[in-house]
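# Residue-level structure breakdown
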Amino acid sequence: MNPKNNIIVGIIIALLFVTSYNIGANPIEFVKGLPNLAIVAEEMTQVEPKLFGTAFLSMFETIQMAFIGTIVGVAISLPLSMFAARNLNSKYVYAPVRAILAAIRTFPSILWAILFVIMVGLGPFAGVLAIIMYTIGFVAKLQYEVIETIDSDPMDAVSSIGVSKWQLIRYVVLPESAPHLLSQMLYMFDYNVRQTSILGLVGAGGIGFYIINYIKFFEYGKAAVFMLVVLVTVLIIDWASVKIRDKYIIKSQHGMKISVK
Amino acid sequence: MELLQMTRPSSFSLISTKKIIQMNNVYTSYDSKNYALKGISISIDRGTNYAIVGQSGSGKSTLLKLMNGMMIPSKGTIKIDYQTPNMKNKQFKLMMHKIGYIPQSLGLIKNITVLENILIGALPRLGKIQSLLKMFPEEEVIEAKKILKQVGLEGKENRKAYMLSGGEKRRVAIARAFMQKPTILLADEIVSELDHITAREIMALIASAQKTMNLTAIMVHHDIQLALEYANRVAVIKDGEKILEIGVEGDKIVDFQTGNLTTEEIMEMYSNESKK
Ligand SMILES: Nc1ncnc2c1ncn2[C@@H]1O[C@H](COP(=O)(O)OP(=O)(O)OP(=O)(O)O)[C@@H](O)[C@H]1O
Ligand SMILES: [Mg+2]
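Numbering of residues begins from 1 in every chain and follows the order in which that chain's sequence is written. Written order decides the labels, with chains lettered from A and ligands numbered from 1. For this predicted model, a pLDDT threshold of at least 70 governs which residues receive local features, and a threshold of 80 or more governs which side-chain atom pairs are given and counted, while totals over whole chains, interfaces and linings are taken from all residues. The basis for the side-chain values is all heavy atoms of the structure; hydrogens and waters are excluded.

### Some words on the packing of aromatic side chains
Stacked, tilted and edge-to-face are the three classes assigned to paired rings of Phe, Tyr and Trp, where Trp is represented by its six-membered ring and a pair needs centres within 6.5 Å; plane angles under 30 degrees give stacked, over 60 edge-to-face, the rest tilted. Enumeration according to the criterion identifies twelve aromatic pairs over all chains in this entry. On the basis of an interplanar angle of 10 degrees and a centroid distance of 5.8 Å, the ring pair of Y134 of chain A and Y191 of chain A is categorised as stacked. Taken together, the positions of Y134 of chain A in helix α6 (residues 124–148) and Y191 of chain A in helix α8 (residues 165–199) put the pair 57 residues apart, joining distant regions of the chain. Y134 of chain A gets classed as buried once you look at its relative accessible area, which sits at 12%. For Y191 of chain A, a relative accessible area of 32% corresponds to the partly exposed category. Among the aromatic residues, ring-to-ring pairing joins Y134, F138, Y187 and Y191 of chain A into one connected group. Only lysine NZ and arginine CZ atoms are considered, and such an atom sits over a ring when it is within 6 Å of the ring centre and within 35 degrees of the ring normal. Above the ring of Y27 of chain B, the side-chain terminus of K75 of chain B is found at 4.4 Å from the ring centroid. Lying over the aromatic face of F256 of chain B, R233 of chain B brings its terminal NZ or CZ to 3.8 Å of the ring centre. Only runs of H or I of at least four residues qualify as helices and only runs of E of at least two qualify as strands under DSSP, and these elements are numbered from the N terminus. For the exposure calls, accessible area comes from a 1.4 Å probe over protein chains only, and a residue counts as buried if that area is under 20% of its type's maximum, exposed if over 50%, partly exposed in between.

### Comments concerning the interface of chain A and chain B
A common measure of how large an interface is: the accessible area buried when the components associate. Contacts: residue pairs with any heavy atoms within 4.5 Å of one another. Opposite the 20 residues of chain A that make contact, chain B presents 29 residues. Note on terms: buried area is the combined drop in 1.4 Å-probe accessible area of two parts once they are placed together, counting the loss on both. Here chain A packs against chain B, burying approximately 2100 Å² in sum over the two surfaces, 60% of which is carbon and sulfur. A per-residue breakdown of the area chain A buries against chain B is headed by S160, I161 and Y171 of chain A, which together make up 33% of the total. Here, a salt bridge means any side-chain nitrogen of Lys or Arg that lies within 4 Å of a carboxyl oxygen of Asp or Glu. On the surface where chain A and chain B come into contact, there are one salt bridge. Put simply, K110 of chain B and E176 of chain A hold a salt bridge, and the shortest N to O gap is 3.5 Å. N or O atoms closer than or at 3.5 Å make up a polar contact, with two conditions inside protein: a donor-capable atom paired with an acceptor-capable one, and, for residues adjacent in sequence, both atoms drawn from side chains. On inspection of chain A and its partner chain B, the count reaches nine residue pairs in polar contact (both at pLDDT 80 or more).

Structure below.
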């Protein structure tokens, strides 16, 4: 380590203390609080098996919400990303589109959910709309970044034939970015399942509604059932996306089979 | 000396309609500091095979990019069939449909099949809806399969492009260019990395296409021997300048640039240059 790095590390540590003081983060409180956690953990072991049915049903609702949100969100973000890519458009096109996307991203999904609950009322539909907005903001950004890093050689080779911009998009941009798009869809679905689980907090449907309510009334055993179901579902989705990625994404990029232990 | 006079193209045959490409004192640069090409003048007859050789970084690829409007000269003029190559020139944009360009890196689309890569050459002939839905007319698909066979890729049409060998990839790029029904083929070092036999197979393929399609081929090569074997003329580029323009006539190498050098002098000059 050179002296310059030492100074930087020193500054970061100093900042850590200052900011912790400012927000009132206190390790002693944390240690004192540990017994409380033990109580919750103990109560959580008193699971109520009766509730598993309800839990699975509400999880199923959550997955459906995430599914619709992901698919519709990606479908909308795809054309948007084409307009936001700097290598396909003039400044007058991409700059405003990027500004809109940035604005969409400034709201976390829970704020979108509140907005849509006001608009369309309580229930899963508001949640789906929130997921769609969130997905658009992120996938469009990830996707235009992918488009901008597409190898310029096929782009040049095909545009030198004198094809139209739409043909260029259809025959070069889409196939060259498709593996990334699939990967982003999987990632987004995974992420959306997790975040749909908390949209119930504001009454926008999904399994989070139950978790929040049981926790509010200190019924940790009941909440645990629902949390367990979320955990298992997320693990399954994780496992499935690894399988799908191996089959369609990794192989298509390197032309080889990668076996996962 | 007499023989050289005889073998050079006679001045009577220099009717301008024969010339498909004319570059006059062309300069171009990537940045404002240095010129990548300096004072290049080239004139290419329709139907000929024109080769460009030179060391790495001498400006060969840049020269090709000028011929299809990917780059614009900062000085001098270029005419391709009387049109100035420039993406903004509507007339030239139509001509681009018939200029096959194979970049040094080939520019294939990895994730689509061989046949789809080849069909890209037919895109200018497709309507909006057809191209959006990838609906290629029957006759285009038949044509693509014919070319596929011609370049020796039969049975590989459904392979993804990334699953091909280097030589096969070059054949796909050639087939894509042929699919354009080109009048001009610009090929950047497509045989340089291939073995002796495959390189000659591919050169023979282009030579036969030149006969049947009356194609003008401008090809960048690494190997001057191979260039002299197949090209009517070979331009030698050094540091952005054309230092030699030569060709084989009978058993002699002829100097077309100044008309003064003998075979021996040319060979000496070339070997001196490549030693530097
Ligand atoms: N995109 C670029 N930006 C800036 N400079 C470039 C670019 N492409 C080429 N050059 C420069 O222009 C000069 C000519 O390059 P060019 O690619 O035409 O050489 P070349 O003769 O094709 O070389 P090679 O045999 O290695 O392909 C070189 O000095 C190179 O560094
Ligand atoms: Mg080059």
